[in-house]
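# Structure assessment
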Amino acid sequence: MIDTQRPMIDDNHIIGVFNCSNMASSWTEYLCMEMASDGSITLTSKSREVLGADGAISGDVVWPKGFDPDDEDRDEPPWPVSIGGKEVAACEDGIYLGATLLPHSDGSTATFNPGESGAAEEWVLGYYRDAFANVDDATLRTIETALERRPGQD
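On a predicted model such as this, the values are computed, not experimentally measured, just so you know.

### Remarks on the side chain of Ser108
Among the secondary structure elements, Ser108 is positioned in the loop between β8 (95-103) and β9 (109-112). Its relative accessible area of 0% is what places Ser108 among the buried residues. Here the side chain of Ser108 touches His104 through a polar contact of 3.3 Å, landing on its backbone nitrogen. Those residues within four positions of Ser108 in sequence are excluded, and the remaining contacts are Leu43, Thr44, Ser45, Pro103, Trp123 and Tyr127.

Following this line, the structure appears as structure tokens:
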């Protein structure tokens, strides 16, 4: 589950947030859009950087003050403050995540030119369909509007 109390520190031009899943796991992906001066857009589905997992954290771990990770009689442990010098910003399915968003996979980026809003919509719907995520109409309208924009418009 995402902790909405900790803000995302990157400026990724997020136009949609999707709860994705498969038979083994669930995670959050962020659809980011970059607009180029020629009117094209690049869509990238990103997810938070993986820092470690419950029971499998390596590197320098900073725990909250007063917490002893070696205490076997403890209740559920708190999140680490940081792992490997990077702040823990969220935890999903026992995976500790950082604030930095990275492309989710090799196929998570596509570029579209003005007039290609249909192709962009198909790509987005197909990409998230595989992850059982619902794409809302507002996200698709944002993409359509961006691809109607003419070079030089702001």
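### Focus on the confidence of the model for the chain
Taken over all residues, the pLDDT of the chain has a mean of 87, while the share at 70 or more is 89%. Counting contacts from residues 1-10, a segment whose pLDDT is below 50, to residues more than four positions away or on other chains yields 26 contacts.

### Let's talk about the sheet that holds strand β5 (residues 82-83)
Across the sheet, which stays open at both edges, the 3 strands sit in the order β4-β5-β6 with antiparallel pairing between neighbours. Lying at the two open borders of the sheet, with one neighbouring strand each, are β4 (61-62) and β6 (86-87).

### Things to note about the side chain of Arg48
On the secondary structure map, Arg48 appears in strand β3 (residues 41-53). Although Arg48 is buried, it makes no salt bridge; Glu92 carries the closest opposite charge, 5.9 Å away. A polar side-chain atom of Arg48 sits 3.3 Å from the main-chain carbonyl oxygen of Gly98.

### Section: helix α1 (residues 117-129)
Over its 13 residues, α1 extends 18 Å from the first C-alpha to the last, a length consistent with the 18 Å expected when each residue adds 1.5 Å. The set of residues buried in α1 consists of Ala120, Trp123, Val124, Gly126, Tyr127 and Tyr128.

### Remarks on the environment of Asp130
Mapped onto the fold, Asp130 is located in the loop between α1 and α2 (137-148). Among the residues examined, Asp130 registers a relative accessible area of 65% and is labelled exposed. Sequence separation between Asp130 and Cys20 is 110 residues, and the spatial gap between their C-alpha atoms is 8.8 Å.

### Looking at the nonpolar core
Judged by nonpolar contacts, the single largest core of 21 residues is most densely connected at Leu43, Val124 and Tyr128. Contributing elements (two or more residues each) for this core: β1 (14-21), β2 (26-35), β3, β9, α1 and α2. In terms of residue count, the dominant contributor to this core is α1 (5 residues). With near-sequence residues (within four places) excluded, Tyr128 lies in contact with Phe18, Cys20, Glu29, Tyr30, Leu31, Ser45, Ala133 and Val135. Judged by nonpolar contacts, the second largest core, of 5 residues, contains Leu51, Ile83, Cys91 and Tyr96.

### A short note on the pairing of β8
For β3 and β8, the ladder comprises 6 bridges, and the chain directions are antiparallel. The residue of β8 that forms the bridge with Val50 is Leu97. In the sheet, strand β7 (residues 90-92) pairs with β8 via 3 bridges, with the strands oriented antiparallel. Within β8, the residue paired with Glu92 across the bridge is Ile95. The antiparallel pairing of β7 with β8 creates a hairpin that spans 2 residues between the two strands, and Asp93 there sits at a positive phi of about 50°.

Conventions adopted
- Residues numbered from 1 in each chain as written.
- Predicted model: local features only at pLDDT ≥ 70, side-chain atom pairs only at ≥ 80, totals over all residues.
- Heavy atoms only, no water.
- Helix = DSSP H or I, 4+ residues; strand = E, 2+ residues; numbered from the N terminus.
- Buried < 20%, exposed > 50% of the residue type's maximum accessible area, 1.4 Å probe, protein only.
- Polar contact = N/O pair within 3.5 Å; in protein donor to acceptor, adjacent residues only side chain to side chain.
- Contact = heavy atoms within 4.5 Å.
- pLDDT = per-residue confidence, 0-100.
- Pairing = 2+ DSSP bridges.
- Lys, Arg positive; Asp, Glu negative; His and termini not counted.
- Salt bridge = Lys/Arg side-chain N within 4 Å of Asp/Glu carboxyl O.
- Expected span 1.5 Å × (residues − 1).
- Core = buried A, V, L, I, M, F, W, Y, C linked by side-chain atoms within 4.5 Å.

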